[in-house]
Amino acid sequence: MAYEVKPWKKEGCSLAVKTFQFSDRETFSQEINEAYGEGGGLNADYRTVDTALKVTSILRGDGLEYGEDFVFKTAGVGEIIFDFATPEIKKRAENFLEAVLLTD
């Protein structure tokens, strides 16, 4: 089931993160495009995919599990959105991501 429009488990548990805060990767790779043609995950650019993977890894560091506590919802211009199982887990993730950003 897709979660782009409907809430995953509960309404109001979406969290948007800015891609520039987690990745400085180029949006496309000229080297990969030359070798393989155009490409990217889910028609997303490389910075978006890089951010989704990094945020997922960071949240695992706080004991949150992808598919259990949160899922990738969608991406917009310069941001990606995750859905969390409960408002409490969303708040926990927000606090943890903020703490990580402050220490970098």
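Residues numbered from 1 in each chain as written. Predicted model: local features only at pLDDT ≥ 70, side-chain atom pairs only at ≥ 80, totals over all residues. Heavy atoms only, no water.

A. Structural view of the side chain of Thr 19. Along the chain, the position of Thr 19 falls in the loop between β1 (14-18) and α1 (30-36). Excluding residues that lie within four positions of it along the chain, Thr 19 makes contacts with Arg 47, Thr 48, Thr 51, Gly 78, Glu 79 and Ile 80. (Helix = DSSP H or I, 4+ residues; strand = E, 2+ residues; numbered from the N terminus. Contact = heavy atoms within 4.5 Å.)

B. Summary view of the packing of aromatic side chains. Applying the stated rule across the entire model yields four aromatic pairs. Centre to centre, the rings of Phe 70 and Phe 82 are 5.9 Å apart; their planes meet at 70°, and the pair counts as edge-to-face. Of this pair, Phe 70 sits in strand β2 (residues 70-76) while Phe 82 sits in strand β3 (residues 79-84); the two residues are twelve residues apart in sequence, bridging distant segments of the chain. On the basis of relative accessible area, Phe 82 is assigned to the buried category, the value being 1%. Through a chain of ring-to-ring contacts, the aromatic side chains of Tyr 66, Phe 70, Phe 72, Phe 82 and Phe 84 assemble into a single cluster. (Phe/Tyr/Trp six-rings, centres within 6.5 Å; stacked < 30°, edge-to-face > 60°. Buried < 20%, exposed > 50% of the residue type's maximum accessible area, 1.4 Å probe, protein only.)

C. Expanded view of the pattern of salt bridges. Counted under the stated rule, the structure contains four salt bridges. Across the salt bridge formed by Lys 18 and Glu 79, the nearest N and O atoms sit 3.4 Å from each other. Highlighted residues: Lys 18 in strand β1 and Glu 79 in strand β3, separated in sequence by 61 residues. Between Arg 92 and Asp 62 there is a salt bridge whose closest N-O contact spans 3.0 Å. On the criterion of sequence distance, the pair formed by Arg 92 in helix α3 (residues 87-103) and Asp 62 in the loop between α2 (46-60) and β2 is long-range, its members being 30 residues apart. (Salt bridge = Lys/Arg side-chain N within 4 Å of Asp/Glu carboxyl O.)

D. The environment of Thr 48, seen in detail. Within the fold, Thr 48 resides in helix α2. Measuring from C-alpha to C-alpha, the distance between Thr 48 and Ala 75 comes to 7.4 Å, with 27 residues separating the pair along the chain.

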